[in-house]
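Each chain is listed here by its residues.
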Amino acid sequence: MTVNPHIEALPAYNAGLHVSRFEADYGQPPLAKLDSNETLFGTSPLAIEAGQSAVLRASLYPDGSATDLSSALAAHCDVDVDTIVFGNGSEELIYALYGAVLAPGDHVLTVVPGFGLHTLAAKCLQIPVRTVSYKGDWQLPISELTEKLTQKPKILAISSPSNPMGVALSIDELQDLISKIPPETLLLLDEAYFEYNPIATLAALKISGLNWVSLRTFSKAYGLAGARLGYGLCSNSEIRDGIRSITPPFNANSIAQAMAHSALSDKTHLENTIRQTSSARESLSDALREMKFEPAPSKSNAVFFETSENSRAVAEALRDVGILVKPWMEEGFERFLRVSVGRPQENDAFLSAIRKLGLKPGSFSTR
Ligand SMILES: Cc1ncc(COP(=O)(O)O)c(C=O)c1O
């Protein structure tokens, strides 16, 4: 036995299926890949061009400080350059932050349903995770959180807009939450879907007096999930340096840096993606409501709703007709599907497939 027993016992991450795996199994591409919250509105052509040029220098190590991208992001987000940290996707930064901050005796507080890595990264370190569950109104369970915050978790991890529901904190709700957080607790505000709901969260964080990290990524609205580039905006440079001590020196590869820098400058592409995604999300949610499902009020590029059947069985049946969606596995939410918002053609293919399956709505909203 060489692997630590607590590592062996970790549940596998519930990842989506890569297109190539689907093609290998079914001999054709899927009709609709809606299982990983990628965008189906493509990558900025400027970013693709920048990536193609960067490939020509692939024999060189990247700029370990990502100087050009750091300056562009510092200006874009109006933060000090020495408070930004990069990751091979923002998921790497979750692990690095946990590694930098958590010690035996600490615990993490998070919400259910929530992004799996907020929990998994703590379990890797044998740090206990306490949770608070959403109810059918999909409002942040603030009184339960307030109560658990009195136990002084070392990290409160929460995503907004959230994965899987897409529900977003308003600035008032964020400020209310901040007012309940003790000084010993670091707020990890995971904003992977920030661009879909760009509100002044940073302004609220900056005046909070707390230790905080806002995690953002080029994987979602910017359409660079395969390039792997996420970043953290930290309340101060000490936290940034702590995270940086854990991440490997060249974790932000040169092709991703070049693509991200160009994607950031291509405002037209981003605006188009956001506009089309929001419109497709509302149409998809309306169509689900007409079928009596009750999708959570999403501000991201996903919809989350319950059917009367086990989600894994539903996702398997959908996969057999070329539709990939994410079956939710968390306890209490095993009948929920998370469906990424596609273009109208993918959303229609999904809707017609669930009509054919004759799925009925679940009953979570009444609980
Ligand atoms: C809430 C949340 N955080 C972080 C990530 C990780 O994104 P990436 O590592 O691609 O930046 C995801 C991806 O699905 C997410 O939903």
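What you see is a predicted model, and the numbers here were worked out from it, not measured in a lab.

1. Regarding the overall build of the protein
No. 1: Secondary structure assignment for the protein yields 14 helices and 11 strands.
No. 2: Since a compact globule built from 367 residues should have a radius of gyration of about 21 Å, the 20 Å found for the protein is in line with a globular shape.
No. 3: In terms of its C-alpha atoms, the protein occupies a principal-axis envelope of roughly 55 × 55 × 50 Å.
No. 4: Classification of the 367 residues of the protein by burial places 52% in the buried group.
No. 5: In the protein, 73% of the contacts between residues at least 6 apart in sequence involve partners at least 24 apart.
No. 6: Summing over all exposed atoms, the protein offers an accessible surface of approximately 16,300 Å²; the carbon and sulfur share of this is 52%.
No. 7: Charge-centre separation for the protein: the mean point of 32 positive side chains lies 3 Å from the mean point of 41 negative side chains.

2. Considering the packing of helix α13 (residues 311-320) against helix α14 (residues 344-357)
The description of two packed helices rests on the angle between their axes and on the distance between the axes.
No. 1: Contact geometry for α13 and α14: axes closest at 10 Å, N-to-C directions at 115°. For the pair α13 and α14, the crossing hand works out as right-handed. Contacts between α13 and α14 involve Val314, Ala317 and Leu318 from the former and Phe350, Ala353, Ile354 and Leu357 from the latter.
No. 2: Taken together, the residues of the contact of α13 with α14 sort by class into 7 nonpolar, no polar and no charged.

3. Some remarks on the site of the ligand
No. 1: If you check the shell around the ligand, you find 13 residues, and the closest are Ser90, Asp190, Tyr193, Thr217 and Ser219.
No. 2: Take serine 90: an N or O atom from its main chain is 2.7 Å from an oxygen atom of the ligand.
No. 3: In this structure the site holding the ligand corresponds to the largest pocket.
No. 4: Partitioned by chemical class, the residues of the shell around the ligand number 3 nonpolar, 6 polar and 4 charged.

4. Observations regarding the packing of helix α3 (residues 45-55) against helix α11 (residues 254-265)
No. 1: Direction vectors running N to C along α3 and α11 enclose 155°, while the axes themselves pass 8 Å from each other. Relative to α11, the element α3 lies roughly antiparallel. Judged by the sense of rotation from one axis to the other, the crossing of α3 with α11 is right-handed. Across the interface between the two elements, Leu46, Ala47, Ile48, Ala50, Gly51, Ala54 and Val55 from α3 touch Ser254, Ile255, Ala258, Met259, Ser262, Ala263 and Ser265 from α11.
No. 2: Residues that form the contact of α3 with α11 fall into these classes: 10 nonpolar, 4 polar and no charged.

5. Structural notes on the domain arrangement of the protein
No. 1: Per the domain assignment, the segments making up the protein are domain 1 (5-43 + 268-366) and domain 2 (45-265).
No. 2: For domain 1 and domain 2, the distance between their C-alpha centres works out to 24 Å.
No. 3: Of the roughly 2,800 Å² buried where domain 1 meets domain 2, counting both sides, 65% is carbon and sulfur surface.
No. 4: Across the contact surface, domain 1 and domain 2 share 0 salt bridges.
No. 5: At the junction of domain 1 with domain 2, the criterion picks out 7 residue pairs in polar contact (both at pLDDT 80 or more).

6. Some words on the pattern of salt bridges
No. 1: The final tally for this structure, using the stated rule, is 11 salt bridges.
No. 2: Residue glutamate 38 pairs with lysine 33 through a salt bridge whose shortest N-O separation is 3.5 Å.
No. 3: Put simply, Lys33, Asp35 and Glu38 are held in one network by salt bridges that share partners.

7. Details of the packing of aromatic side chains
No. 1: Applying the stated rule across the entire model yields 14 aromatic pairs.
No. 2: Note on tryptophan 138 and phenylalanine 333: the rings are 6.5 Å apart at their centroids and 40° apart in plane angle, and the pair reads as tilted. Placement of tryptophan 138 in the loop between β4 (129-133) and α7 (142-149) and of phenylalanine 333 in the loop between β10 (323-327) and β11 (336-340) is noted, with a sequence separation of 195 residues between them. Across the pair, exposure class does not vary: tryptophan 138 and phenylalanine 333 are buried alike.
No. 3: Pairing phenylalanine 304 with phenylalanine 336 gives two aromatic rings, centres 4.6 Å apart and planes at 20°, and the pair type is stacked. Of this pair, phenylalanine 304 sits in strand β9 (residues 302-306) while phenylalanine 336 sits in strand β11, and the two are 32 residues apart along the sequence.

8. Remarks on the layout of surface pockets
No. 1: One number sums up the size of the largest pocket: a volume of about 690 Å³.
No. 2: If you trace the largest pocket, you find 31 residues lining it, with Ser36, Glu91, Lys220, Ala225 and Arg228 closest to the centre.
No. 3: Counting residues per element, the lining of the largest pocket draws most heavily on helix α5 (residues 90-101), at 3 residues.
No. 4: A breakdown of the residues in the lining of the largest pocket according to their chemical character gives 10 nonpolar, 12 polar and 9 charged.
No. 5: When we break the lining of the largest pocket down by domain, the ones giving at least three residues each are domain 1 (5-43 + 268-366) and domain 2 (45-265).
No. 6: Computed from the structure, the second largest pocket encloses a volume of approximately 510 Å³.
No. 7: Together, 20 residues line the second largest pocket, and Pro11, Gly114, Gly116, Thr119 and Glu330 are the ones closest to its centre.
No. 8: Secondary structure elements with two or more residues in the lining of the second largest pocket: α6 (116-124) and β4.

9. Brief notes about the nonpolar core
No. 1: Counting 60 residues, the largest nonpolar core has Leu73, Phe86, Trp138, Leu177, Leu187 and Phe218 as the members making the most contacts within it.
No. 2: Built from parts of two domains, this core gets at least three residues from each of domain 1 (5-43 + 268-366) and domain 2 (45-265).
No. 3: Excluding its chain neighbours within four sequence positions, the residues that come into contact with leucine 187 are Leu156, Ile158, Leu174, Ile178, Ile181, Leu205, Asn211, Trp212 and Val213.

Conventions we followed
Once a new chain begins, its residue numbering starts again from 1 and follows that chain's sequence as written. Local features in this predicted model are restricted to residues of pLDDT 70 or higher, and side-chain atom pairs are both shown and tallied only at a pLDDT of 80 or more, whereas totals for entire chains, interfaces and linings draw on every residue. Note that water and hydrogens are dropped before the side-chain values are worked out from all heavy atoms of the structure. Strands here mean DSSP runs of E at least two residues long; helices mean DSSP runs of H or I at least four residues long; both are numbered from the N terminus. Only C-alpha atoms enter the radius of gyration, while the globule expectation follows 2.2 Å times N to the 0.38, with N the number of residues. The classification of residues rests on relative accessible area computed with a 1.4 Å probe and restricted to protein chains. Under 20% of the type maximum is buried, over 50% is exposed, and intermediate values are partly exposed. Residue contacts are counted whenever heavy atoms from the two residues lie within 4.5 Å of one another. Using a 1.4 Å probe, accessible areas were evaluated by the Shrake-Rupley method; residue-level cover was limited to the displayed protein chains. Positive: Lys, Arg. Negative: Asp, Glu. His and the chain ends are not part of the count. A single reference atom marks each charge: NZ on Lys, CZ on Arg, CG on Asp, CD on Glu. Inter-axis angles, ranging from 0 to 180 degrees, are taken between N-to-C directions of lines fitted to C-alpha atoms, where helices are fitted over the stretch in contact. Crossings are assigned a handedness: left-handed for a near helix turned anticlockwise from the far helix by less than a right angle, right-handed for a clockwise turn. Three categories are distinguished: nonpolar for Ala, Val, Leu, Ile, Met, Phe, Trp, Tyr, Cys and Pro, charged for Asp, Glu, Lys and Arg, and polar for the others, with Gly belonging to the last. Put simply, a residue is near a molecule or strand once any heavy atom of it comes within 4 Å of that molecule or strand. Two N or O atoms count as a polar contact when they lie within 3.5 Å, although within protein this holds only if one can serve as hydrogen donor and the other as acceptor, and sequence-adjacent residues are included solely when both atoms are side-chain atoms. The definitions used throughout rest on a 1 Å grid laid over the protein atoms alone, on which a cavity is an enclosed set of points accommodating a 1.4 Å probe that cannot get out and a pocket is an open set flanked by protein within 12 Å on both sides along at least five of seven lines; lining residues are those having an atom within 4 Å of a point. Think of it this way: if more than half of a molecule's atoms are within 2 Å of a pocket's grid points, that molecule is in the pocket or cavity. The cut-offs work like this: below 35 degrees is roughly parallel, past 145 is roughly antiparallel, 65 to 115 is roughly perpendicular, and the gaps in between are oblique. Each domain's extent was defined by an automatic or database domain assignment. Accessible-area loss on putting two parts together, using a 1.4 Å probe and summing over both, is the definition of buried area adopted here. We define a salt bridge as a side-chain nitrogen of Lys or Arg found within 4 Å of a carboxyl oxygen belonging to Asp or Glu. Only Phe, Tyr and Trp rings are paired, with Trp represented by its six-membered ring, and only when their centres lie within 6.5 Å; those with planes under 30 degrees apart are stacked, over 60 edge-to-face, the remainder tilted. Grid points are joined across faces, edges and corners, and a volume is the space filled by probe spheres set on the points. Each nonpolar core is a collection of buried residues, namely Ala, Val, Leu, Ile, Met, Phe, Trp, Tyr and Cys, held together in the definition by side-chain atoms within 4.5 Å.

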